[in-house]
Structures are given as C-alpha cells and as structure tokens.
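Residue-level structural notes
Next come the chains, spelled out residue by residue.
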4 protein chains.
Amino acid sequence: MVKNLGQQHSILNQYIAEIRDERVQQDSLRFRRNLERIGMFFGYRISETLVYEKKEITTTLGVAEVPVLTDYPVLATILRAGLPLHQGLLNVFDKSENAFISAYRMYHKDGRFSIQIEYSSTPDVEGKVVILSDSMLATGASMVLAYKELLTNGKPKHTHIISILASTEGVEYLKRSLPGSDITLWVGAIDEELTAQAYIVPGLGDAGDLAYGKKL
Amino acid sequence: MVKNLGQQHSILNQYIAEIRDERVQQDSLRFRRNLERIGMFFGYRISETLVYEKKEITTTLGVAEVPVLTDYPVLATILRAGLPLHQGLLNVFDKSENAFISAYRMYHKDGRFSIQIEYSSTPDVEGKVVILSDSMLATGASMVLAYKELLTNGKPKHTHIISILASTEGVEYLKRSLPGSDITLWVGAIDEELTAQAYIVPGLGDAGDLAYGKKL
Amino acid sequence: MVKNLGQQHSILNQYIAEIRDERVQQDSLRFRRNLERIGMFFGYRISETLVYEKKEITTTLGVAEVPVLTDYPVLATILRAGLPLHQGLLNVFDKSENAFISAYRMYHKDGRFSIQIEYSSTPDVEGKVVILSDSMLATGASMVLAYKELLTNGKPKHTHIISILASTEGVEYLKRSLPGSDITLWVGAIDEELTAQAYIVPGLGDAGDLAYGKKL
Amino acid sequence: MVKNLGQQHSILNQYIAEIRDERVQQDSLRFRRNLERIGMFFGYRISETLVYEKKEITTTLGVAEVPVLTDYPVLATILRAGLPLHQGLLNVFDKSENAFISAYRMYHKDGRFSIQIEYSSTPDVEGKVVILSDSMLATGASMVLAYKELLTNGKPKHTHIISILASTEGVEYLKRSLPGSDITLWVGAIDEELTAQAYIVPGLGDAGDLAYGKKL
C-alpha cells in the first residue's frame, strides 16, 4: 500500500519545495531542519495507525482517561542521509528503540553497482511495528536490503517505510520485492524519472551531501 | 466549529496523557517539550486547511511543480502559558508574523474576577488567517478577550483557536461569544468540570506554573 | 562589572555577524536560532559563576561524585525581543523559574518617550541569582525598569544582565543607574552610536521585528 | 594535551551527573538531550581555539566589523553512541562537513575482542581542523582506529577528540597511540576503573543503549 502525503494539501509540500529548491537547499541548517520536520509529520500520520489503550491518568485535580500508545514503534534508518528524518521521528516517538543500517553502492568494472549492507545496529523486531526511513527511494535497492537486514532480527508485525521523494521505478521495485500486506510505503512525492546513475529527476540531488557535505 | 483531535487515535493523546500526569509533569523540560510537540501537530492539521498554489521549483536536475503556502498564518498566543505551544506552531510556520497578548485575572472584593488585557504586540491581521493559541480554555474569557484584542488590528479572514484542554463550559462560552463561521476551535480534549476557581477538572493544573514556575 | 564575550574568539562572534548581516537576518528561522544559540552560550558562561555542591550519584556500576548546581537561577526576560534569547537560556537551565516582563515606549507629544512596565509575571526572587536578558541595550531604560520591577518581588543575591548588542551610552546608563556590585552585565558587542530614535548603530535593526515580524 | 572541562565549575557537570544517574538516565529523551547539550558546550569551548578573521558586515544602519570563522571544522563521530553528541556539535557548527564512522568489537574465541572499522563516510580532511567525538573513551581502541580511518582521507591540521567520560587507561592509551602535538583530548570526567569487559566504572553504563535502546 502506498500513501502519498504530498497529494493532500499540508505544510509538508512547502518543506518539500524548499528541500528541492537549488537555492534554498544551500542552507544546510534549513535543509536538515526541513528533513526533521518532515520526519515529525510522517511520524504523526503513522501514529494514527498505531494501537492505543485507555489508561487512567491521575492529575492533581482528578482522574482522566486518556488513550496512550501500547507499544512504541522501532525506528530504523539508513545512514547517513536518513539521519535528519530519523531525528524527526525520534522527536515524535521519544521512547522508541532504534536501528541504524548502512548500505553502500559497490561499483563493478562495467559501471553498474550493487548495494551491500555494511553496518547494522538493530534491536529485536519480532512482532513489533517498525518504521524504516530514508530520504530518497531511487532504485529501491537499499531500502529492500535494509528491510531484509531487519528481518534477520525477527519478523515485524508491520513495517512502515518512509521515503520523502521516490521514483516511480523505485516504488514499483519495492512493491515487487516486498509484496506482503504487512508493509506500507509512505512518500511525500513520486518523481517519474530515474537516471542511469540512479538519480531521481527532478528530485533534489544528493540528500546526504546536502545535509552533511560531500564525502570522498 | 469544534475539532477535537483527541477523539482520533494519534500520538497527540500520548502527550496529553503525559502533561496531565501529576508525576510526569514534574519534569518541566518534558512538559514544555510536550506542549511544543502538541503545537506542531495542531499546526500540521491546521496547515491542511490553508491555501496553496503550485510553483515551479528549480532543482539541480530539473523542474518540479510543488504546492507551496500562499500566505503564512499569523501566530497569536496568550502569555505566558501559551508560549511553548506557540513555539511548536512557529516551528511549523517559520515565516509567520507573530502576536503576543497577555490577559490577567483582576480579582474583585467579592472573590470574582474579570479578565483584562494588559499587553498586546500584534501585527496587522486584516484579511489574514490567524492561529490564536493558549494551552487551556477554562472559562473562555481570556481567549475571547484576546480575540477581540486582535480585531482592533483588522478583521482576519479566518481564525483558528487552539486549546489543548478545554472545559465544556469554556467551549460553550466561546461558541456563544464568537458565533461566526470564520472561527474554528481546535482542542485536544474537553473536560466536563470547571471549578469555581476556574480550574478544569481533571485538567492538568496550571500550565503556566508547570512550564515556567510559580509567580508571585 | 561588564563582560564583553565578543572580545575573545568564539563562535559567538559568527552568530553575531549573522544577526547583524542585513541579508542573513532576513531568514527569521536562522535569526531566532542564532539568538537561541547565543543565549545558550551566555548561559554556559554564566553557569561558570554559579555555586555547585558535590553529590554522590549512583550509576549502574558504582558511585560517582559530581558537582551539581545548588540552585537554578531565575530566568527573566523582556518581551518580545528577549524571547528567543530566553529560550536558549532555558535550554541550558531547564529547571529554572522564569519571569516575563514587558516594557513599552510611551511617546510624548514632543517626540520623546518614556519606558513603562505593562506586564510582569515574576516569581519570588529574594536571595536568588537572576539572569535578566534582552537582545539589545539601547538607552538602557527598559533594562533598568525591568530590573526595578524584579526588585518588587525580592532582592536577588546577584543579577546577571545579558544584552547581545549594547550601545556605549546604554552601558554607561546601566552602570550609573545600577551601581551595586551585585550586578554583572554580559554583552556580545558594544556599538558606539545611538540615534535619536534609540537605534544602536551599526546594530542590527529591530530584533523583535526580525524575530517575530512588524507589529502595528 | 588533555582538557578536562569537568574540573572547572559549569552546568556541564550538572548534565554529567544526570547522564550518570541510574534513575535520571531512564528518560531517554533527557539522556539524549543531555548528550546534545554537552556537545554544544564542548563545541563552544573548542570554538575558542579556532581561527577567525575580521569581516565587514553591512547592517541596515551601518557597517560592523565582526570576527567570523575562517573555516568550519569537520565534525566526525563514531556510531551510534556518538550521534547525540554530534548533533550538539552540528547545532554549533551548522555549516560543517561531517564524517560518520562505525567501529565494532569483534569477539574472539578466548573472549577477547579487537575493534574493526566497518562503516566510514568521510570528507577530505587534508589541512582541516577535525572534531572527532564519541560519548565514552573506554579502552580507547575505537577512537584510535576512527582517527586512523580519518587519516586515510588526508592529514588534518589539528584534531580535537571529545569524550564525555574517559577511563584513565583510555586516556593513557590515546596519549601513547597518538603522541603528536596536533591532537587535543577534551573530556568531561576521567574515571579510574575499567572492567575486563571494557566498562568504565563508575561510568554511566552503555551510552548507545541508553540513547537508542539495546541492540541484538
């Protein structure tokens, strides 16, 4: 199931416009802040799907019955571009367990590349709700690999995958690779083109570089 | 029109449970953080009602058409208890103009009190969308006075009034006092009782004191 | 005693350059963030002057003896321009009590003005350390009045007055008006000129307008 | 050169007391917030050692000469425990390039372990000032390996290594392994004991687990 939050009017689109804009994105403080805010609002929307239970809360003046979160979701992200988005999610779900996964493109002689997992710090996810986030979904290969890496630590009850910008091709690849009903893909926009170098067009460029600077 | 966001499941209720809880609320850092987060999510939900226009955004790789906010709402709050909530709204609407209004209870010899405006720093609100926030809506008198104070600087196109906790009596007073269709009241919960000292029950106590300490 | 933190090299000067810069200051998110960061570093430096007591802290693996703050200072600020600076101070001293004071310029027929206190929400300050902050110290009249307003709630043990930018004239006025040894003035820069309209030159313009928009 | 910021009175010690305290550290929101604040104040103190150049800043009312940062330092951190500390440093140096490095303990059959680098996303550091941070310095092996990993991308002009809590043994190991004058070690406290399992005593436990939850 794909939920495109950019299709309904909200301030999310303002932030997406800012992170795409080649001038505005030069301010990396604002760029990261936008990713973080976007993470908060994806988190809020996902929170609407979680399970709550009524609890009696003792106030100084009486007792209130308020629905509280039964279980906090596990927050998993892909390094390094996913970190500001993850920060936003952690702002929302401050009691969550967290997972950090890194995947990299291993380039072959012919110029093609494959995605390899190199770092994974992941809690037990058996029977839990997981939110797996990355800023972009280009080919979708990193996200699928990261998801499979999570599965080595248990089978989540449900996984919400967040990607601010996705390519049509990436969305299709994800649907094909992870066909189950226990996955929801949340995106802010779907762009049609994906270049041979796996850049989303019009996209926004390289989210990791914009947030944290170029790496060697 | 009254929108009670606490009636649908979301993480908002978790935060409301925490600010009500007499033990959790003792941590004023978390208390203020909860008000701020609540402000962000009220802001997000209100942002769904605002006007957007499609704009062509030049990315490094192409041109994207994204809906951006036509006009930022004016963010008005009531001192001092509204400040953390206002901070959350300003996190969302970072380009907004702001208004700060203070109202106080002037106690009379017979123990009754009336609400007086003492401080107002307000921009022109003529034809603009205004978000007027306070943490609590007890009798509703401060909110109505603050709204009327805003009107001395123009007639807003629409005013969204936010109150995390409201009393049934306060909601009724607001509806009666501000009957127009150009006002939406957003609340997180409505409590039934209001004491003679104008405390909401079960409520959460005094939001200003919990955020900033007791005043003389 | 005057402590000019801008006279020694630190990142504070970078932020002061940014809030002065007529182009950079147009981004009100960054402008407020800079005031907040400046507030945090003034708070840190003032924290070096406070009283600590050794306390035995039980860790999961043993007992550590660590100096902790004996008493949190009261954080007082002047509305509305002082609010982002105050936020930074509250980030540092999260358990502090807070005071909010507003002063306004009452203009007389001849174009001169006097400063009046209109709003004050202040805790008991008797025997406490107080940090009183405002972004600018122009004539110094607001700061002196705010200080005197605080005195109606007790006599502080020591008061640290913070002003990011001060005029030479304002500093002199403060020294003359509050001659005691129980006051320390902390500034980020002292500018020589003060216009007849009480603007500091080169200054930065109106900090309140830059943070929150123009008011009527 | 070792700079122990915990030896002078400042609010830093209050935060260190809180992250050590087995009860207070259960609130992971506060725990992360404390690491982030600590990062900001280490950053501030390190900023005093950086190079500034006077620049003429055009204000709306004149021209001010203010020292601005000539070059932003590269901010390198060790995953995952270093992330909240790194966030604090990035709050200070918002225009910095960033490096993320992960090291893990590879356990051998005899129960001993060696540290391996598994992930590194690092910019060119040739001739630059680098701030390399991790929350703890236990044996010192991860920090030394991370530093050597950085060297594969150039020779920094100077490297500031931050560790909130260090063991005496770790400090000695670092001095021995990185003897040059181009390294400064900044710590918040030095604890005497290091267990066979490489836990600092009294320490604070596992900073990564406290910030992000246990991993499998």
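Structure first, text after, so check above.
In short, a report on the structure. (Residues numbered from 1 in each chain as written. Chains lettered and ligands numbered in written order. Predicted model: local features only at pLDDT ≥ 70, side-chain atom pairs only at ≥ 80, totals over all residues. Heavy atoms only, no water.)

Our next topic: the overall build of chain A. For chain A, the count of helices and strands is six helices and 11 strands. For 216 residues, the compact-globule formula gives about 17 Å, and the C-alpha radius of gyration of chain A, at 18 Å, lands near that figure. Once the C-alpha set of chain A is aligned to its principal axes, its extents read approximately 70 × 40 × 30 Å. In chain A, buried positions account for 64% of the 216 residues. Within chain A, residue pairs in contact and separated by at least 24 positions form 65% of the contacts whose partners lie at least 6 positions apart. Just so you have it, chain A exposes about 8000 Å², and 49% of that area is on carbon and sulfur atoms. Both charge centroids of chain A, one from 23 positive and one from 26 negative side chains, sit 1 Å from each other. (Helix = DSSP H or I, 4+ residues; strand = E, 2+ residues; numbered from the N terminus. Rg over C-alpha atoms; globule rule 2.2 N^0.38 Å. Buried < 20%, exposed > 50% of the residue type's maximum accessible area, 1.4 Å probe, protein only. Contact = heavy atoms within 4.5 Å. Areas by Shrake-Rupley, 256 points an atom, 1.4 Å probe, with all protein chains shown as cover. Lys, Arg positive; Asp, Glu negative; His and termini not counted. Charge placed at Lys NZ, Arg CZ, Asp CG, Glu CD.)

Before going further, it helps to spend a moment on the interface of chain A and chain D. Across the contact, 26 residues belong to chain A and 26 residues belong to chain D. The contact between chain A and chain D buries some 2200 Å² in all, and 57% of this surface belongs to carbon and sulfur atoms. On the chain A side of the interface with chain D, the three residues burying the most area are Tyr-119, Tyr-212 and Leu-216 of chain A, jointly 25% of the side's total. Listing elements by their share of the side of chain A that touches chain D, those giving two or more residues are α2 (28–47), α3 (83–92), β5 (98–107), β6 (113–121) and α6 (207–212) of chain A. (Buried area = accessible area lost by both parts, 1.4 Å probe.)

We now examine the relation of the copies chain B and chain A. Once chain B has been moved 0.0 Å along the axis and rotated by 180 degrees, it coincides with chain A to within an RMSD of 0.0 Å. What we have between these two chains is a two-fold relation. Of every C-alpha in chain B, the one belonging to Phe-41 of chain B sits nearest the axis of rotation, 3.8 Å from it. (Least-squares fit on C-alpha atoms with pLDDT ≥ 70 in both.)

Residues and elements named next belong to chain A. Its 20 residues place the ends of α2 28 Å apart at the C-alpha level, agreeing with the 28 Å of an ideal helix rising 1.5 Å per residue. Among the 20 residues in α2, 20 count as buried, and that is most of the element. At the N-terminal boundary of α2, the capping side chain belongs to Asp-27, with an oxygen 3.1 Å from the backbone nitrogen of Leu-29. (Expected span 1.5 Å × (residues − 1). Polar contact = N/O pair within 3.5 Å; in protein donor to acceptor, adjacent residues only side chain to side chain.)

A few words on the packing of helix α2 (residues 28–47) of chain B against helix α2 (residues 28–47) of chain D. Viewed as axis vectors pointing N to C, α2 of chain B and α2 of chain D meet at an angle of 95 degrees, and their least axial separation amounts to 11 Å. Here α2 of chain B lies roughly perpendicular to α2 of chain D, going by the angle between them. Residues Leu-29, Arg-30, Arg-33 and Arg-37 of chain B of α2 of chain B touch α2 of chain D, and the partners they reach there are Leu-29, Arg-30, Arg-33 and Arg-37 of chain D. Of the residues in the contact of α2 of chain B with α2 of chain D, the class split is two nonpolar, no polar and six charged. (Axes fitted to C-alpha atoms, helices over the stretch in contact; angles between N-to-C directions. Parallel < 35°, antiparallel > 145°, perpendicular 65-115°, else oblique. Nonpolar A, V, L, I, M, F, W, Y, C, P; charged D, E, K, R; others polar.)

Once that is clear, we can look at the sheet that holds strand β8 (residues 158–167) of chain A. All names here are of chain A. Strands sit in the order β1-β9-β8-β7-β4-β5-β6 across an open sheet of seven strands; the sheet is mixed. Sheet topology places β1 (2–4) and β6 at the edges, where each strand pairs with a single neighbour. Neighbour-to-neighbour, the strand axes of this sheet turn through a mean angle of 25 degrees, independent of strand direction. As paired elements, β8 and strand β9 (residues 183–191) share eight bridges and run parallel to each other. Residue pairing in the sheet places Ile-162 in a bridge with Trp-186 of β9. Docked against the sheet, α3 engages β4 (74–79), β5, β7 (129–137) and β8, running at close to 165 degrees with respect to β4. On top of the sheet, helix α5 (residues 168–177) reaches β1, β7, β8 and β9; it is set at about 160 degrees to β8, its chief contact. (Pairing = 2+ DSSP bridges.)

Between chain A and chain D, the superposition needs a rotation of 180 degrees and an axial shift of 0.0 Å, giving an RMSD of 0.0 Å. With an isologous cut-off of 70% or more, the 100% of interface residues of chain A that recur at the interface of chain D puts this contact in the isologous class.

Attention shifts here to the pairing of strand β5 (residues 98–107) of chain D. Residues and elements named next belong to chain D. Relative to β5, strand β4 (residues 74–79) runs parallel, the two being bridged by five bridges. Bridge pairing in β5 links Thr-77 to Phe-100. Sheet analysis places β5 next to strand β6 (residues 113–121), joined by eight bridges and oriented antiparallel. Counterpart to Ser-102 in the pairing with β6 is Tyr-119. The loop that links β5 with its antiparallel partner β6 comprises five residues; one of these, Gly-111, has a positive phi angle of about 90 degrees.

Attention now moves to the sheet that holds strand β1 (residues 2–4) of chain C. Residues and elements named next belong to chain C. Taken together, seven strands build an open sheet; the order of strands is β1-β9-β8-β7-β4-β5-β6 and the sheet is mixed. Each having just a single partner strand, β1 and β6 (113–121) make up the two edges of the open sheet. Neighbour to neighbour, the strand axes of the sheet diverge by 25 degrees on average, direction disregarded. Relative to strand β8 (residues 158–167), strand β7 (residues 129–137) runs parallel, the two sharing eight bridges. Residue pairing in the sheet places Ile-131 in a bridge with His-160 of β8.

The subject of this paragraph is the packing of aromatic side chains. Counted under the stated rule, the structure contains 22 aromatic pairs over all chains. On the numbers, 4.7 Å between centres and 20 degrees between planes, the contact of Tyr-44 of chain A with Phe-41 of chain B is stacked. Placement of Tyr-44 of chain A in helix α2 and of Phe-41 of chain B in helix α2 is noted, with the two residues assigned to different chains. Judged on exposure class, the residue Tyr-44 of chain A and its partner Phe-41 of chain B are both buried. Ring geometry for Tyr-44 of chain A against Tyr-44 of chain B: centres 5.8 Å apart, planes inclined by 70 degrees, an arrangement best described as edge-to-face. One end of the pair, Tyr-44 of chain A, is in helix α2; the other, Tyr-44 of chain B, is in helix α2, on a second chain. The exposure class of Tyr-44 of chain B is buried, given its relative accessible area of 0%. (Phe/Tyr/Trp six-rings, centres within 6.5 Å; stacked < 30°, edge-to-face > 60°.)

Now for the pattern of salt bridges. Pairs can form between side chains of opposite charge whenever their charged atoms are close. Across all of its chains, the model carries 64 salt bridges over all chains by this definition. Counted as one network, the salt bridges with shared partners bring together Glu-18, Arg-30 and Arg-37 of chain A, Asp-94 and Lys-95 of chain B together with Asp-27 of chain C. (Salt bridge = Lys/Arg side-chain N within 4 Å of Asp/Glu carboxyl O.)

Time to look at the interface of chain B and chain A. The partner chain A presents 48 residues to the 48 residues of chain B that form the contact. Around 4300 Å² of area is buried between chain B and chain A when both sides are counted, 60% of it from carbon and sulfur atoms. On the chain B side of the contact with chain A, His-9, Tyr-44 and Leu-61 of chain B bury the most area, a combined 15% of that side's loss. Seen at the junction of chain B and chain A, the total is six salt bridges. The interface formed by chain B and chain A contains 27 residue pairs in polar contact (both at pLDDT 80 or more). Taken together, the elements giving at least two residues each to the side of chain B that touches chain A come down to α1 (11–20), α2, β2 (52–58), β3 (63–69), α3 (83–92) and β11 (200–201) of chain B. With eight residues, α2 of chain B is the single largest residue contributor to the side of chain B that touches chain A. A breakdown of the residues in the side of chain B that touches chain A according to their chemical character gives 23 nonpolar, 14 polar and 11 charged.

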